[in-house]
Structures are given as structure tokens and as C-alpha cells.
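Spelled out from the first residue to the last, the chains are:
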Amino acid sequence: MRNVTAVAHRGAPYHARENTLPSLRAALELGADAVEIDVRLTRDGVPVLLHDETLKRLWELDKPVLALTAAELDEVTAGRVPTLAAALAATGDSRVMLDLPGSPDVRAARRVVDVVRDCRAEDRVHYCAGAAAMLAVRAADPSAEIALTWTTLAPPRPALLDAVRPRWLNYRFGLVDRDLAARVHRDGYLLSVWTPDTVRTMRRLIDAGVDSITTNRIDALCALRRRG
């Protein structure tokens, strides 16, 4: 079986709450090569780990993260929503994929990029999201490693690829087959997929030729790799 990069989606959410430090540590202990985390800004511009726009699903507080300062967020979640800086420290030398949900502008992207630089993590961080967010990251950091998230079978426009300059194309797993993988590689990109959670699907994607799999079941993917 081909080797494939194992990326833990929001850490190890079946072992600890997603996008928390225990979840990230659990994923790395289970064998993940990298962890994927979601980053949003607080009202005072601090990048923190949260996928949703509000705290309702995970923390039972129906407030947008943008309505809270970092100190207020820390108080209402008992310190369990980590900052990006804390997450980068907790992951040591491991690779980190930063997903930027929502519609961050260049200012917001620059704040995230600045924290990555301050933590001296540029060499192990890469960014993923749709075109608008990745254009903002590219404007903030001309040297950033980018995985452009794509959700249709129609390929990205050449002008967009020229502007974003991604290293990876990041596809929803159900779209990917051997032909798409061959096209992505032929065009000079690496192929990452998200988020298959069954061993059968993971095996199909590896056989199709993907380079990286982002999954909620990092334990299953790492076990599959060990079995070969």
C-alpha cells in the first residue's frame, strides 16, 4: 500500500473535544503526521481554535466568537478554547494545517500569519480553505504553503491557481477517483482529501493515488498504514 500523510481533523475528536489541546495531543500520540485545526479571531484580534461561528455547538453559549475578547472567551469556556499560539506550542515540531473558516479578510489572515511567524512555525504550518481565504493568506505571506480547498469536479481556473500558487489541491473525498488524482498530479500539485472516516474509503483513496488524508478517525488511518 502507498504511504500517505495522515492528518488528524480537528485533532482526535473521538478521543477528546475537537480543536482543544487534549485533542491535538491525542492525535499525535495515535500516530498523526499532522493535525488540522480551525482558526478564528476574537473581538480583540486573537487567533483561537474554533470551527463554528458561534460557541453554541461545543460550549452551549450562543455567542459569536467575534463578540468576545480573548479574556472573555477564556472565562466562559474555563480556558478550554486554546489560542493558536498555545496550539502551535502543544504540537511541538509536528506539521499543522490551519483551516480558516468563514471569510477572513487580508487583515485577519495577516494576524494569523503573524502569530505563526512569532511562534517560528512557518516551516511546519500550511493553510487550507477556499479561494477567498487563500488569496488573503497569499497576500499576507508570499511564501506560505497553501492547500486550496475545492468542492467541485470542475478544475480551478488557471488565473486563480496563478494568484493563489497552492502546493496542494484539497478535495472533498467523495469527488476523488483515479482520474482526478492523475489530473491533479499531472498539473503539478499534491492531492489532499477530507474527511473520510471508514477504512474502506481510506483504502480506496490511497489506491487512487492521494497524497494526504484528513480524517476524524486518525487511529483507523494510522492502523491501516501499519497493516500495509
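Residues numbered from 1 in each chain as written. Predicted model: local features only at pLDDT ≥ 70, side-chain atom pairs only at ≥ 80, totals over all residues. Heavy atoms only, no water.

Q: What am I meant to see in the pattern of salt bridges here?
A: Between side chains of opposite charge, a pair can form when the charged atoms approach closely. Tallied over the full model, the rule gives eleven salt bridges. Of the charged contacts, one joins D33 and R225 as a salt bridge, the two residues approaching to 2.6 Å between their closest N and O atoms. Remark: R225 occurs in helix α10 (residues 218–227) and D33 occurs in the loop between α1 (21–29) and β2 (34–41); sequence separation between them is 192 residues. Note that D141 is salt-bridged to R117, the shortest N-O span being 3.5 Å. A residue pair is termed long-range when its members are at least 10 positions apart, and D141 in the loop between α6 (131–140) and β8 (145–150) and R117 in helix α5 (residues 106–118) qualify at 24 residues. Linked through salt bridges whose partners overlap, the residues forming this network are R10, E18, D38, D52 and R57. (Salt bridge = Lys/Arg side-chain N within 4 Å of Asp/Glu carboxyl O. Helix = DSSP H or I, 4+ residues; strand = E, 2+ residues; numbered from the N terminus.)

Q: How should the packing of aromatic side chains be read in this particular structure?
A: For any pair of aromatic rings, geometry is given as the distance between the ring centres together with the angle between the planes. With the rule as written, the count across this model stands at zero aromatic pairs. Above the face of the Y14 ring, R217 is positioned so that its terminal group lies 4.7 Å from the ring centre. (Phe/Tyr/Trp six-rings, centres within 6.5 Å; stacked < 30°, edge-to-face > 60°. Lys NZ or Arg CZ within 6 Å of the ring centre and 35° of its normal.)

Q: Explain the nonpolar core to me, please; I cannot follow it from the model alone.
A: Across soluble globular proteins, nonpolar side chains show a tendency to be buried alongside one another. The biggest cluster of nonpolar side chains holds 61 residues, and the ones touching the most others in it are I37, L84, L98, Y127, M134, I213 and I218. Here this core takes six residues from α5, the largest share from any one element. Formed by nine residues, the second largest nonpolar core is a distinct cluster that contains V48, L50, L55 and L73. (Core = buried A, V, L, I, M, F, W, Y, C linked by side-chain atoms within 4.5 Å. Buried < 20%, exposed > 50% of the residue type's maximum accessible area, 1.4 Å probe, protein only.)

Q: Where do I start with the environment of E122 in this structure?
A: For E122, the position within the fold is in the loop between α5 and β7 (125–129). Residue class for E122 comes out partly exposed when judged on its relative accessible area of 39%. Here the alpha-carbon distance between E122 and D141, two residues 19 residues apart in the chain, equals 10.0 Å. In contact with E122, not counting residues within four places along its chain, are V116 and R117. (Contact = heavy atoms within 4.5 Å.)

Q: Explain unusual backbone geometry to me, please; I cannot follow it from the model alone.
A: For residues that are not glycine, phi is negative in most cases, and the peptide bond is trans in most cases. W194 connects to T195 through a cis peptide bond whose omega is -20°. With a phi close to 60°, N19 is a non-glycine residue in the positive phi region. Looking at N19, the relative accessible area reads 2%, which means it is buried. Positive phi is not limited to glycine here, since R120 has a value of about 55°.

Q: Just to check I follow, could you spell out the side chain of D38 for this structure?
A: Relative to the helices and strands, D38 resides in strand β2. Residue D38 is classed as buried on the basis of its relative accessible area, which comes to 0%. Engagement of the side chain of D38 in a polar contact is seen with the side chain of R10, the distance being 3.2 Å. A distance of 3.1 Å separates the side chain of D38 from the side chain of N19, its partner in a polar contact. Not counting chain neighbours up to four residues away, the residues in contact with D38 comprise R10, N19, V48, L49, L50, H51, D99 and P101. (Polar contact = N/O pair within 3.5 Å; in protein donor to acceptor, adjacent residues only side chain to side chain.)

Q: Hey, could you run me through the pairing of β2 in this one?
A: In summary, the side chains of a regular strand alternate between the two faces of the sheet. With respect to burial, β2 is a largely interior element, eight of its eight residues being buried. Neither face of β2 is open: one carries A34, E36, D38 and R40, the other V35, I37, V39 and L41, and all of them are buried. Pairing geometry for strand β1 (residues 5–9) and β2, over three bridges, is parallel. In the sheet register, V7 faces β2, and the bridge partner there is A34. Note on the crossover from β1 through α1 to β2: the handedness is right-handed. Strand direction decides the pairing type here: β2 and strand β6 (residues 95–99), joined by five bridges, are parallel. Bridge pairing in β6 links D38 to D99. The antiparallel hairpin formed by β2 and strand β3 (residues 47–49) contains five residues in its connecting segment, where G45 sits at a positive phi of about 80°. (Pairing = 2+ DSSP bridges. Right-handed = clockwise from strand over helix to strand, strands pointing away.)

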